[in-house]
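Residues per chain, in single letters:
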Amino acid sequence: QVQLVESGGGLVQPGRSLRLSCAVSRNIFSISNMGWYRQAPGKQRELVASITERGIKNYADSVKGRFTISRDGAKNTYYLQIDNLKTEDTAVYYCHGDRLWDGSAYYYDYWGQGTQVTVSS
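Reading the values: rules and limits
Residues numbered from 1 in each chain as written. Predicted model: local features only at pLDDT ≥ 70, side-chain atom pairs only at ≥ 80, totals over all residues. Heavy atoms only, no water. Core = buried A, V, L, I, M, F, W, Y, C linked by side-chain atoms within 4.5 Å. Buried < 20%, exposed > 50% of the residue type's maximum accessible area, 1.4 Å probe, protein only. Helix = DSSP H or I, 4+ residues; strand = E, 2+ residues; numbered from the N terminus. Contact = heavy atoms within 4.5 Å. Salt bridge = Lys/Arg side-chain N within 4 Å of Asp/Glu carboxyl O. Pairing = 2+ DSSP bridges.

A.B. asks: Would you mind going over the nonpolar core in detail, with residue names and values included?
C.D. replies: Counting 29 residues, the largest nonpolar core has Cys22, Met34, Trp36, Leu80 and Tyr93 as the members making the most contacts within it. Within the residue set of this core, elements represented by two or more residues are strand E3 (18-24), strand E4 (30-39), strand E5 (46-52), strand E7 (67-72), strand E8 (77-82), strand E9 (91-101) and strand E12 (115-119). Each residue touching Met34, except ones within four places of it in the same chain, is listed here: Cys22, Ala49, Ser50, Ile51, Ile69, Tyr78, Cys95 and His96.

So this is what it looks like as structure tokens:
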């Protein structure tokens, strides 16, 4: 089975930091493209950060310099470090994996359930 489980969200004040986690089921050995998305109230879901299996990272212009995507292979977990949180970062954050490899087959288009980040004074 394939599971992506986000955690780490919460209610924080502007300027603080959060680290979001996306735990991937242990049977998945690689993800061709893993992305962090967010969906703010009244807005479309947007890709804010991604990392390829080879470690190539990309960021949306709106978050560049504040967001850092990373992975811990030993824990099979992806992270989104968010620094200097702004009110406009308020959204549900989702991790998404495309072309997941379990050693025998590829699986496509898997989403986590999301974790709420609320930035407010």
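Picking up after the structure, the text goes on.
A.B. asks: Summarise the pattern of salt bridges; cite the residues concerned and give the values.
C.D. replies: Under the defined criterion, the tally for this structure stands at four salt bridges. Here Asp61 ties to Lys64 by a salt bridge, and the two come within 3.3 Å at their closest N and O atoms. Residue Lys64 is classed as exposed on the basis of its relative accessible area, which comes to 51%. Connected through salt bridges with shared partners, the residues Arg38, Glu46, Arg66 and Asp89 form a single ionic network.

A.B. asks: So, the pairing of E12: which residues are in play, and what are the values?
C.D. replies: Consecutive residues of a regular strand have side chains that alternate between opposite faces of the sheet. Only one face of E12 is buried, namely the one carrying Thr115, Val117 and Val119, since none of Gln116 and Thr118 on the opposite face is buried. When strand E2 (residues 10-12) meets E12, the two strands line up parallel, connected through three bridges. Bridge pairing in E12 links Val12 to Val119. With three bridges connecting them, E9 and E12 associate as antiparallel partners.

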